[in-house]
Amino acid sequence: HLAYDNASGNGVPRDEALATRLYVKACDLGDAKGCYNVGLMYAEGRGVERDLARAAQAYDEGCRNGSTMACTNLGWFVQHGAAGAVDEAAAVALYRRGCDGTRCEAPNLLGCVNLGRALRDGIGTARDPAGAASTFERVCDADPGAAAGEQAQVGRACALLGGMHLAGSAPDAAAARGRGLSERACERGDDFGCFNAATAHATGLGGPVDDARAYGYYERGCDVGDAESCFEQARRLEAGRGTTHDAARARAVMQKACTAGFAQACAVASPR
């Protein structure tokens, strides 16, 4: 707790170097969350030189002591080879441990989302679409309270589950559920969910075509940073489809899509 106060400047001058030393002391005394925070400080170079190997060591100790966040972060390190060899099977085991929860901490929702992706795509394990859907559904239905990071994971899980229902030539009932899940994800601020909800309304997937609602979801997706949503919003502003024609705003939104990295928008925003 003293380390947190120093790291955040809560009631004392902000001192990340002191915070890191205190987190190390907490970890040495057996506190799992202290170990997690040692990993975080070294991974981000806060108060110390950035050292991914030291971060991985701290995450490993935190995971063994019961920190679900440490298990999840170590899983990402192992999956991507951030501090050593890539081992996707070990990463999946760590994500599963983070998702299952421990006696010390509740399940880590990011761990569950990463586990669901691995099961969906066959990363480090056999493909298991049913297992992926079940994992995403568990997170989508979770009550994350007020934690912003947890809220984001709930939204992403709903979006990923919605995407699974919308994929391919989905039956009407599945597509309708996918549309609803995508809308739910967008309500949580998930850009992928907003784009999928917009596309479903634009194409009639899972329900009737509704250009006004499609435009609304593209606009929301653009607002939370999805470049392709910005591109589609701009096209609809130019055509007056689902919204009032506004050429000036269309150009501004198209430029926003280009700046965000959507190459097709750049060709439109800066014609040659």
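The rules behind each value
Residues numbered from 1 in each chain as written. Predicted model: local features only at pLDDT ≥ 70, side-chain atom pairs only at ≥ 80, totals over all residues. Heavy atoms only, no water. Disulfide = S-S within 2.5 Å. Helix = DSSP H or I, 4+ residues; strand = E, 2+ residues; numbered from the N terminus. Buried < 20%, exposed > 50% of the residue type's maximum accessible area, 1.4 Å probe, protein only. Contact = heavy atoms within 4.5 Å. 1 Å grid on protein atoms, 1.4 Å probe; cavity = no way out; pocket = protein on both sides within 12 Å on 5 of 7 lines; lining within 4 Å. Points joined across faces, edges and corners; volume = space filled by probe spheres on them. Nonpolar A, V, L, I, M, F, W, Y, C, P; charged D, E, K, R; others polar. Axes fitted to C-alpha atoms, helices over the stretch in contact; angles between N-to-C directions. Parallel < 35°, antiparallel > 145°, perpendicular 65-115°, else oblique. Left-handed = near helix turned anticlockwise from the far one by under 90°. Phe/Tyr/Trp six-rings, centres within 6.5 Å; stacked < 30°, edge-to-face > 60°. Salt bridge = Lys/Arg side-chain N within 4 Å of Asp/Glu carboxyl O.

Draft legend 1. Focus on the state of the cysteines. According to the stated counting rule, one finds 7 disulfides in the structure shown. Residue pairing for Cys 99: its cysteine sulfur links by disulfide to Cys 112, the two sulfurs lying 2.1 Å apart. Between Cys 99 and Cys 112, the S-S dihedral sits near 100°, and the bridge is therefore right-handed. Remark: Cys 112 occurs in helix H7 (residues 109-121) and Cys 99 occurs in helix H6 (residues 88-100); sequence separation between them is 13 residues. We note that Cys 99, like Cys 112, is buried. Covalent S-S linkage joins Cys 140 and Cys 158, the inter-sulfur distance amounting to 2.0 Å. Between Cys 140 and Cys 158, the S-S torsion sits near 100°, and that sign places the bridge as right-handed. Of the two residues, Cys 140 sits in helix H8 (residues 129-140) while Cys 158 sits in helix H9 (residues 148-166), which places them 18 residues apart along the sequence. The exposure class assigned to Cys 158 is buried, which follows from its relative accessible area of 1%. Note on Cys 104: no disulfide assigned, nearest cysteine sulfur contributed by Cys 71 at a separation of 10 Å.

Draft legend 2. Molecular detail of the side chain of Ser 182. Topologically, Ser 182 is positioned in helix H10 (residues 172-187). On the basis of relative accessibility, which here comes to 0%, the residue Ser 182 falls in the buried class. Filtering out sequence-adjacent residues up to four positions away, Ser 182 remains in contact with Gly 162, Leu 166, Gly 193, Cys 194, Asn 196 and Ala 197.

Draft legend 3. Local environment of the layout of surface pockets. Estimates place the volume of the largest pocket at around 400 Å³. For the largest pocket, the lining is made up of 17 residues, of which His 1, Tyr 4, Tyr 23, Lys 33 and Asn 37 are closest to its centre. Elements with a contribution of two residues or more to the lining of the largest pocket: helix H1 (2-8), helix H2 (16-28) and helix H3 (32-44). Among the residues forming the lining of the largest pocket, the class breakdown is 11 nonpolar, 3 polar and 3 charged.

Draft legend 4. Spotlight on the packing of helix H4 (residues 52-65) against helix H5 (residues 68-80). In the contact formed by H4 and H5, the axes pass within 8 Å of each other and the chain directions differ by 140°. For the element pair H4 / H5, the angle class is oblique. The two elements H4 and H5 meet at a crossing, and its hand is left-handed. Of H5, the residues touching H4 (which contributes Leu 52, Ala 55, Ala 56, Tyr 59, Asp 60, Gly 62 and Cys 63) are Ala 70, Cys 71, Asn 73, Leu 74 and Phe 77.

Draft legend 5. Structural context of the packing of aromatic side chains. Using the criterion set out here, one finds 5 aromatic pairs in the structure. Arranged with centres 6.2 Å apart and planes meeting at 65°, the rings of Trp 76 and Phe 77 form a pair that is edge-to-face. For Trp 76, a relative accessible area of 43% puts it in the partly exposed group. By way of ring pairs, the aromatic residues Tyr 36, Tyr 59, Trp 76 and Phe 77 are connected into one cluster.

Draft legend 6. Representation of the pattern of salt bridges. Taken as a whole, this structure holds 15 salt bridges when the rule is applied. As a salt-bridge pair, Asp 141 and Arg 184 come within 2.9 Å of each other at their nearest N and O atoms. Placement of Asp 141 in the loop between H8 and H9 and of Arg 184 in helix H10 is noted, with a sequence separation of 43 residues between them. Look at Arg 184 and you get partly exposed, because its relative accessible area is 37%. Taken together, the shared-partner salt bridges connect Arg 14, Glu 16, Glu 44 and Arg 46 into one network.

Nothing here speaks to function; it is all geometry.
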